[in-house]
Amino acid sequence: MRLRIFPLLLGSLCLVYAFVADDPLTRIISQFDRYHQQFPQEKVYLHCDRSYYALGESIWFKGYLFDASSHQSDTVSKVLYVDLINATEGKILLQKRLLPQSGTAEGDFYLADTLKEGVYQLRAYTNWMRNFDEDFFFTKEFRVYQPSVTDRPVVQINRTVSLTFFPEGGTLVNDIESRVAFKAVDALGQGVDVEGVILENDRDTVTVFQSEHLGMGRISLQPKPGKTYTAVLKDTQQRIPLPAAQPEGHVLIVDNLSNKEFIRIFVFNQLPKSPPKPLYVLAQMRGEVMATAKGNTEKSMFVANIPRNKSSEGGIVHLTLFDEKGEPLAERLVYLNNPGNSLDLSIKPTKTQYKPREKVTLELEAKDRTGRPVLGEFSLAVTDAGQVVPDSSDETLVSYLLMSSDLKGRIEQPGYYFNPTNPNAIYHLDLLLMTQGWRRFVWKQVNAGEALPTPHLIERGFSLEGKVTRPRGQIIEKKSIAVTLLMRRPNQETLLRVESAEADGSYGFHQLSFGDSTRVMIQAVAGKNDRNLSVTLNPFPQPTVRITKTPFQSVEMKADEFMEYLNRANQSLDIARQLRLNKAKLLKEITVKAKKVKESDSRKIYGTPDNTVKFDDMNTAGAISIFQVLQGRVPGMVVTGSGFNYTVQIRGAANFNGAVEPLFVLDGMPVDKEIVNSINPRDVDYVDVLKGAAAAIYGSRGGGGVISILTKRGSSSYDPSKEVVPGQLIRTINGYAKVREFYSPDYSQDNPENYRPDYRPTLYWNPRIKTDENGKATVTFWNSDHETHIQARLEGTSGDGRVGTTRMTYLVK
């Protein structure tokens, strides 16, 4: 067994190092390491160009994939799924499947003007992430407006308050003074400011409480045996019971604010007299153990100090107290505010003020915290601040990766806690972590060594999976099943693969790469030539959408600015519609009087046949030869024989040597009778029979008449995907989505489109910015007609676990 050493100060007296191999803490660490090695996790983040949209506009985004532990760019998964969801109805409207390159991918969604106004959601994930809690998918809610609607009803929000109390560490214990955090939210989950009193036995006031940030706050409370505690809200007199105190147990109190060198952990014990038992503290961040400590129950308290420099990186530290059996007793989350995994980004315009439609040059630079240049991958969104209101509290790559991605539930104003100008950010973040859920793993599963079910594989490409059964769904027994995949990929070579199906008929083709509108044929054969089969193909994954009352991240904006934005969006829609109309030719109304002429068939060089036999399910049932279907159905034509020996003669077709068989033509090409006899009757559309003068167009070859076989597949209107062929499936499927370029005008050119009004809310979007060896990059674009402030937001990663985000504004006047 590997033996790891984790120094940690216990009180201020000694250092605790490695433990013997059979020590419970060593066992916990070993199981913890094994769990994270067996079940590595991923994170996904989307940088979008804006926080709200109008119908007729596009959402532009860049996806970043990370290893959940190291935050290095994830290059393992090769399919990123992004869903556009109607959050109100819980329906997936569109899905984009993107090909990540070096851990990043880009895409867009066009918001058609036929959609409804309302709240929508972007959801991003990989197939492997589906093995774990869907709460850790990336989600972003946003509002989409109908620009032509000017009168919107005021929505009355139910302000009923839900107040919840969270004892630090998890439990209250009698006679131990504890800290209790609380959080008050309304019916939609938004924080509500509250104040009130705490009553003992519903009579005596023991303390007062008042929220400090977004409905969160905390109190100190020392519960007494036999007493109950109730919170009473000041305004509504609503009464909320606090969690009941336990007669014995442990209390975990953490000081993460007062000491710059250590995170201090206070463990209080309230137990009946018994021989001392060991207690263990483990601190881990994103699956990596930072430090451990050992104490015991001999005294009523012990203190452990975790050096902050045990990790150079920032992130959420998970503290757990274990008993002598390795069972968790108490937990606490704290934030380690170290800058080692942060990048210092800057955006510098070449001028402080620009004119409308003037060319803009922005100089971008990325450095680490020591000032050294950084090679990295970044995305930049430049928006009109007069139409797109800046929000310094919304989610960023930094806030998501270091905080939100490791917490369950919605976090209100996540960017607030990472605003460097906010003096209360760290304190309020500590309140958040006392009230927010954590469940990336469960200690019970880790300690038991339970194997998690992982039915969803890491995708190195697409997987096409399905099942082969009998037409009525029965399992095929005692026969091997060969499944063939034929894929015609645009701008790629045709792919042909053969796999064997499992005993239950399931099959799969993995690590496929193909783009949109790819034609796929899957064919199955059981045994030597048994094609009486049904082939199904599973759809691409679309996890269930959870409908919640959680609101979108609201943005406050002035009414006149909001109306101006909608008016501009409506004008853009009108211009786009007019441009589409201009491309169509408008003809004066005319009346055409003529007979409807049936579309000619290029396979037929003759006119009207003497007889036509239409092949359908009725007359082909049980037939194994075309000649069986024709028997007795054409006047003057005699079909005799069976099996492979059929004779066909049209009355009157003879010469000096006797009867003359007709000419057989298959989809316009003369063929032998043996070929006609081998054709499946179900593949035939109809058969034309030509006699006498009608067959003269074929010359002497048509002396005995002509039998023209027209197949379904030979028709120009044939759609093979609609035909049910035993043992075969044909589909057109969409793979990797095409990457669309963001349009940015060039006003240095005299182009006709440059004469249109220009009030773009997003002036520039570039998801593919790479800094050079000097950590620098330069971008250029053109301003719109709007005299306003312009905001630029830059986000990205160095690929080795360091991330950064920054904003800047400039004036157009």
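Computed from a predicted structure; not experimentally measured.

Draft legend 1. Looking closely at the pattern of salt bridges. Enumeration according to the criterion identifies 37 salt bridges in this entry. Taking the shortest distance from any N to any O, the salt bridge between Arg603 and Asp667 comes out at 2.7 Å. With Arg603 in the loop between helix 5 (559–582) and strand 35 (611–614) and Asp667 in the loop between strand 40 (663–666) and strand 41 (669–671), this residue pair connects regions lying 64 residues apart in the sequence. The salt bridge involving Lys673 is made with Glu661; its shortest N-O contact spans 3.1 Å. Placement of the pair is Lys673 in helix 8 (residues 673–677) and Glu661 in the loop between strand 39 (658–659) and strand 40, with a sequence separation of 12 residues. On the basis of relative accessible area, Lys673 is assigned to the buried category, the value being 18%. Linked by salt bridges that have partners in common, Glu168, Arg179, Arg218, Arg332 and Asp430 make up one network.

Draft legend 2. Quick peek at the side chain of Ser379. Inspection of the secondary structure puts Ser379 in strand 28 (residues 377–384). With relative accessibility at 0%, the residue Ser379 sits in the buried group. A distance of 2.8 Å separates polar atoms of two side chains, one belonging to Ser379 and the other to Tyr64. Discounting residues that sit within four places of it in the chain, Ser379 has contacts with His47, Lys62, Tyr64, Trp765, Asn766, Pro767, Arg793, Leu794 and Glu795.

Draft legend 3. Expanded view of the sheet that holds strand 31 (residues 495–500). Within the open sheet, the 4 strands sit side by side as 31-30-33-44. Their pairing is antiparallel. Of all the strands in the sheet, the pair left with one neighbour each is strand 31 and strand 44 (728–733). Pairwise comparison of adjacent strand axes, ignoring direction, gives a mean angle of 15° for this sheet. Both strand 30 (residues 481–488) and strand 33 (residues 518–526) contribute to a ladder of 8 bridges, which runs antiparallel. When the bridges of strand 33 are listed, Ile481 appears paired with Ala526.

Draft legend 4. Just the sheet that holds strand 46 (residues 776–782), in detail. Reading across from one edge, 25-27-46 is the order of the 3 strands in this open sheet, with antiparallel pairing throughout. Each of the sheet's edge strands pairs with one partner strand only, and the pair in question is strand 25 (344–349) and strand 46. Neighbour-to-neighbour, the strand axes of the sheet open up by a mean angle of 20°, direction not taken into account. Here strand 27 (residues 359–367) runs beside strand 46; their pairing, made up of 7 bridges, is antiparallel. Its bridge partner lying in strand 46, Lys359 is registered against Trp782.

Draft legend 5. The arrangement of the confidence of the model for the protein chain in detail. On average, residues of the protein chain carry a pLDDT of 88, and 89% of them reach 70 or more. When the criterion is pLDDT under 50, residues 1–21 qualifies, and its contacts beyond four places in sequence or with other chains add up to 54 contacts. Within the model, the stretch residues 584–590 combines pLDDT values under 50 with 0 contacts to residues more than four positions away or in other chains.

Draft legend 6. Expanded view of the packing of aromatic side chains. A full pass over the atoms with the stated rule returns 30 aromatic pairs. Members of the aromatic cluster, connected to one another through ring pairs, are Tyr45, Tyr64, Phe66, Phe138 and Tyr400. Cation over ring: Lys96 sits above Phe109, and NZ or CZ is 5.0 Å from the ring centre.

Draft legend 7. Representation of the environment of Phe509 in the model. Looking at where Phe509 falls in the secondary structure, it is placed in strand 32 (residues 506–512). Remark: the alpha-carbon pair of Phe509 and Val483, spanning 26 residues in sequence, is separated by 9.5 Å. Setting aside anything within four residues of it in sequence, one finds Phe509 in contact with Phe462, Ser463, Leu464, Val483, Thr484, Leu485, Arg497, Val498 and Glu499.

Draft legend 8. Seen up close, helix 1 (residues 24–38). In this model helix 1 runs 21 Å from its N-terminal to its C-terminal C-alpha over 15 residues, within 8% of the 21 Å that 1.5 Å per residue would give. Within helix 1, the full set of buried residues consists of Pro24, Leu25, Thr26, Ile28, Ile29, Ser30, Gln31, Phe32, Asp33 and Tyr35. Of the surrounding elements, those touching the buried residues of helix 1 are strand 20 (278–285), strand 21 (288–296), strand 23 (315–322) and helix 4 (443–448). Its side-chain oxygen 2.9 Å from the backbone nitrogen of Leu25, Asp23 forms the N-cap of helix 1.

Procedures and definitions
- Residues numbered from 1 in each chain as written.
- Predicted model: local features only at pLDDT ≥ 70, side-chain atom pairs only at ≥ 80, totals over all residues.
- Heavy atoms only, no water.
- Salt bridge = Lys/Arg side-chain N within 4 Å of Asp/Glu carboxyl O.
- Helix = DSSP H or I, 4+ residues; strand = E, 2+ residues; numbered from the N terminus.
- Buried < 20%, exposed > 50% of the residue type's maximum accessible area, 1.4 Å probe, protein only.
- Polar contact = N/O pair within 3.5 Å; in protein donor to acceptor, adjacent residues only side chain to side chain.
- Contact = heavy atoms within 4.5 Å.
- Pairing = 2+ DSSP bridges.
- Axes fitted to C-alpha atoms, helices over the stretch in contact; angles between N-to-C directions.
- pLDDT = per-residue confidence, 0-100.
- Phe/Tyr/Trp six-rings, centres within 6.5 Å; stacked < 30°, edge-to-face > 60°.
- Lys NZ or Arg CZ within 6 Å of the ring centre and 35° of its normal.
- Expected span 1.5 Å × (residues − 1).

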